[in-house]
Amino acid sequence: MKRALSFFLSIVICFTFIVETKQIFSKADQNETSAENKEPALNAKCAIVMEKSTERILFQKNAFKRTAMASTTKLMTALVTVSSIDITAITTTSAKAASIGGSTVGLKKGASVSIKDLLYCLMLRSGNDAAIALAEAVAGNVEDFCLLMNEKAKQLGAFNTNFTSPHGLDNDEHYTTARDLAVICKAASENIIVKEIMGSKHYDYGNNLLINTNPFLGTYSEVTGGKTGFTNNAGRSIALTAAKNNMDIIIVLIGCDTSKTRLSDGKKLLDYIFGSYEMKTFVEKGDTLCPIINKRNINGEAFLKSSYTISVPTNVALKEKITVSVEFESKEYIKGATIYTKKEYNQNLPVGKIILIDEKGNKFYKNDIYIDNDIIEKDFEYCLKKVVVYWFCGML
């Protein structure tokens, strides 16, 4: 039998209940583990670790500060490309693409190259020439392609990001934040084509073997993909995807002094997060949250139920509390664990939002919530039909 969850009124249109994570360690073990899993000190100027399913921030350092992003830009370049053009298509390399500086794969003017090959050149070898070629293949020119990049960024909620190129060479108007880059990396990792490319260790490109510049891939079993970057303004940077014990995370490091410190910072965060956090289920799909009663409902009682299983990354070394809050679109009367309403509701439409809140008041998960049955009020026509039916049956 599904477990019922109790609620109490917290604000006019919101009632909450608190679920406390179980203490896994004894007091002595907890103190020892807390010391071992203390948040690491990093060389990176900006950093973040985000769990993918809830977008909960598990670690951050200047995560909302604007910064250059170097070739981590190419995550968005790849995402826009695969969303816009068939990767089997063939394009011709322009003079502009062939002449770009920085990291390149040596594309020649007039060369015919498939979009797929260009994507691997972009993501594994960080080819700036491949970035220009892809932008021109998709939008005709770099400027219009950047408009698509910026539009996609806004759609993803990366509002503190602006692109002026598909490659990421330093430009004062080309910027992001560690948080925004994590959101972009998450979206890239959820695209099946981009995910496969950025998780590849190598790729045969003509007579050349492209080797992924990601130093974590193949070295750390948890790491599943990502994109490196370097410019003078961005320093040594990287966006990583990693997974272990049913927990998928995004790690972003921007502004490391050297490749060595970038590698060290990444290892510290992998060890810290996977050593400190575990996924805990707080709400199961189908859980009854509470009844909703409209005394004129022709369908009787309805129940607010969870349409999703909600699992949250929790720090097992701490006595951490997560608040599950349900917000309604309009004021309702709540008595005990029951909601009383005078409105009609359609079970196929959301009646509000279920939200998860950490101890610091940060909302890190929000999703629609539904009822299990329509709430339809008795009207005159309904009552008349009932009277006719009762009268007719009584005459039999």
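Structure's up top.
The structure reproduced in this document is the subject of the present report. What you see as residue numbers is a count from 1 along each chain, following the sequence as written. Where local features are concerned, this predicted model is filtered to residues with pLDDT of at least 70; where side-chain atom pairs are given and counted, the filter is 80 or more; whole-chain, interface and lining totals use all residues. Heavy atoms from the whole structure form the basis of all side-chain values; hydrogens and water molecules are not counted.

### Concerning the overall build of the chain
Test applied: Strands here are runs of E lasting at least two residues and helices are runs of H or I lasting at least four, both read from the DSSP assignment and numbered beginning at the N terminus. In this scheme, a residue with accessible area under 20% of its type's maximum is buried, one over 50% is exposed, and one in between is partly exposed, where area comes from a 1.4 Å probe on protein chains only. In this description, contact between two residues means that some pair of their heavy atoms is separated by no more than 4.5 Å. Accessible surface area values rest on a Shrake-Rupley calculation with a 1.4 Å probe, where residue burial reflects the displayed protein chains alone.
Per the secondary structure count, the chain includes ten helices and 20 strands. Per-residue burial for the chain yields a buried fraction of 49% across its 396 residues. Sequence-distant contacts in the chain: of pairs separated by 6 or more residues, those separated by 24 or more amount to 64%. As presented, the chain carries roughly 19200 Å² of accessible surface, and 51% of it is formed by carbon and sulfur atoms.

### Examining the packing of helix H4 (residues 115–124) against helix H5 (residues 128–139)
A pair of packed helices can be characterised by two numbers: the angle between their axes and the separation between those axes. Rules: Fitted lines through C-alpha atoms serve as axes, helices being fitted only where they are in contact, and the angles separating the N-to-C directions of these axes extend from 0 to 180 degrees. Roughly parallel covers angles under 35 degrees, roughly antiparallel covers those over 145, roughly perpendicular covers 65 to 115, and oblique covers all other angles. Left-handed describes a crossing in which the near helix is turned anticlockwise from the far one by less than a right angle; the clockwise case is right-handed. All residues other than Ala, Val, Leu, Ile, Met, Phe, Trp, Tyr, Cys, Pro, Asp, Glu, Lys and Arg, Gly among them, are scored as polar; the first ten of these are nonpolar and the last four charged.
One way to put it is that H4 packs onto H5 with a least axis distance of 8 Å and a crossing angle of 140°. Here H5 runs oblique to H4, going by the angle between their axes. As H4 runs across H5, the sense of the crossing is left-handed. Contacts between H4 and H5 involve Ile 115, Leu 118, Leu 119, Cys 121 and Leu 122 on the former and, on the latter, Ala 130, Ala 131, Ala 133, Leu 134 and Ala 137. Partitioned by chemical class, the residues of the contact of H4 with H5 number ten nonpolar, no polar and no charged.

### Quick look at the sheet that holds strand S3 (residues 46–51)
Stated formally: In this description, strands pair whenever DSSP reports at least two bridges between them.
The five strands are arranged S4-S3-S11-S10-S9 in an open sheet whose pairing can be described as antiparallel. On the outer flanks of this sheet lie strand S4 (57–61) and strand S9 (223–231), each paired with one strand and no other. Looking at each pair of strands side by side, their axes are set apart by 5° on average, direction ignored. Looking at chain direction, strand S10 (residues 235–244) and strand S11 (residues 247–256) are connected through eight bridges and run antiparallel. When the bridges of S11 are listed, Thr 241 appears paired with Ile 250. Against the sheet, helix H7 (residues 178–189) engages S3, S10 and S11, with an angle of about 135° to S11.

### Focus on helix H9 (residues 259–276)
To keep it simple, the criterion reads: In this scheme, a helix's expected span is set at 1.5 Å multiplied by one less than its residue total.
The end-to-end C-alpha separation of H9 is 26 Å, in line with the 26 Å expected for 18 residues at 1.5 Å each. Arg 262, Asp 265, Gly 266, Leu 269, Leu 270, Tyr 272, Ile 273, Phe 274 and Ser 276 are the residues of H9 that are buried.

### Some thoughts on the packing of aromatic side chains
Defined as follows: The rule is short: rings of Phe, Tyr and Trp, with Trp giving its six-membered ring, pair when the centres are within 6.5 Å, and they are stacked under 30 degrees, edge-to-face over 60, tilted in between. Charge-over-ring placement is defined geometrically: NZ (Lys) or CZ (Arg) within 6 Å of the ring centre, and within 35 degrees of the ring normal.
Inspection of every chain in the model, using the stated rule, returns four aromatic pairs. With centroids separated by 5.6 Å and ring planes inclined at 40°, the aromatic side chains of Phe 216 and Tyr 220 adopt a geometry described as tilted. One exposure class covers both Phe 216 and Tyr 220, and it is buried. Judged by centre distance (6.3 Å) and plane angle (85°), the rings of Tyr 272 and Tyr 277 are edge-to-face. Residue Tyr 272 is classed as buried on the basis of its relative accessible area, which comes to 6%. Among the aromatic side chains, those forming a connected cluster through ring pairs are Phe 59, Tyr 272 and Tyr 277. The cationic tip of Arg 56 hangs over the ring face of Phe 364; the distance from NZ or CZ to the ring centre is 4.8 Å. The ring of Phe 230 has Arg 236 lying over it, and the distance from NZ or CZ to the ring centre is 4.0 Å.

It is worth stressing that arrangement in space is one thing and function is another; only the former is reported here.
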